[in-house]
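One letter stands for each residue in the lines below.
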Amino acid sequence: MGKQTVEYRRRIRIKALQALGGKCARCGFDDWRALQIDHINGGGTRERRNRKQGTISYYLEIIKNPDKNKYQILCANCNWIKRYEEREDYRRDQSTEPVQVRPREQEKGGTDEG
Ligand SMILES: [Zn+2]
């Protein structure tokens, strides 16, 4: 596989991203290097399996028929957050608040009675 194939694939990827709007559906981030095509209904597992042999045809399919009900663009950040949220669905009890690092409380009680 030469450099041309890589370049070609990159160009096709950008086209596919542009066909779907060219920016993250959540936050509007638009640098293609961190944009990913996401299956809205999560049906990507099977297609993902074929991706190795058919990346380019997968993108060509999107370029030909950019079905925005089926695909959306997410940036890498939002994609990870989405994945996390999906996983969180069945452990809602856990807090999603950021962990706070609290400075250790100073020990009291040391009255200066020397
Ligand atoms: Zn985003």
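Rules of the game
By convention here, each chain's residues receive numbers from 1 onward along its written sequence. Where local features are concerned, this predicted model is filtered to residues with pLDDT of at least 70; where side-chain atom pairs are given and counted, the filter is 80 or more; whole-chain, interface and lining totals use all residues. Helix and strand assignments follow DSSP, with helices taken as H or I runs no shorter than four residues and strands as E runs no shorter than two, numbered in order from the N terminus. Residues enter a nonpolar core if they are buried, belong to Ala, Val, Leu, Ile, Met, Phe, Trp, Tyr or Cys, and are joined to the set through C-beta atoms within 7 Å. Partly exposed residues are those whose C-beta has more than 12 but fewer than 20 other C-beta atoms within 10 Å; with 20 or more the residue is buried, with 12 or fewer it is exposed, and the C-beta atoms are placed from the backbone. The span you would expect from a helix comes to 1.5 Å times its residue count less one. Our arc is simply the arc of the directions from the helix axis toward the C-beta atoms.

1. Overview of the environment of N77
Here's step 1: Mapped onto the elements of the fold, N77 is located in helix α3 (residues 76-88).
Here's step 2: Taking the C-alpha atoms as reference, N77 lies 9.0 Å from L35; in sequence the two are 42 residues apart.

2. Description of the nonpolar core
Here's step 1: Of all hydrophobic cores here, the largest spans 12 residues; its members are A16, L17, L20, C24, L35, Y59, I62, Y71, I73, L74, C75 and C78.
Here's step 2: When contributions to this core are tallied by element, the ones reaching two or more residues are α1 (3-19), α2 (44-64) and β2 (71-75).
Here's step 3: The biggest single contributor to this core is β2, with four residues.

3. Observations regarding α1
Here's step 1: Between its first and last C-alpha atoms α1 spans 24 Å; for 17 residues at 1.5 Å apiece the expected length is 24 Å, and the two agree.
Here's step 2: Burial in α1 covers these residues: R13, A16 and L17. The buried residues of α1 occupy one face: seen down the axis, they fall within an arc of 100°. In α1, the exposed positions angled more than 90 degrees off the buried face are occupied by K3, Q4, E7, Y8 and R11.
Here's step 3: Where α1 ends, the next residue or the one after it, G21, has phi of about 115°, a positive value.

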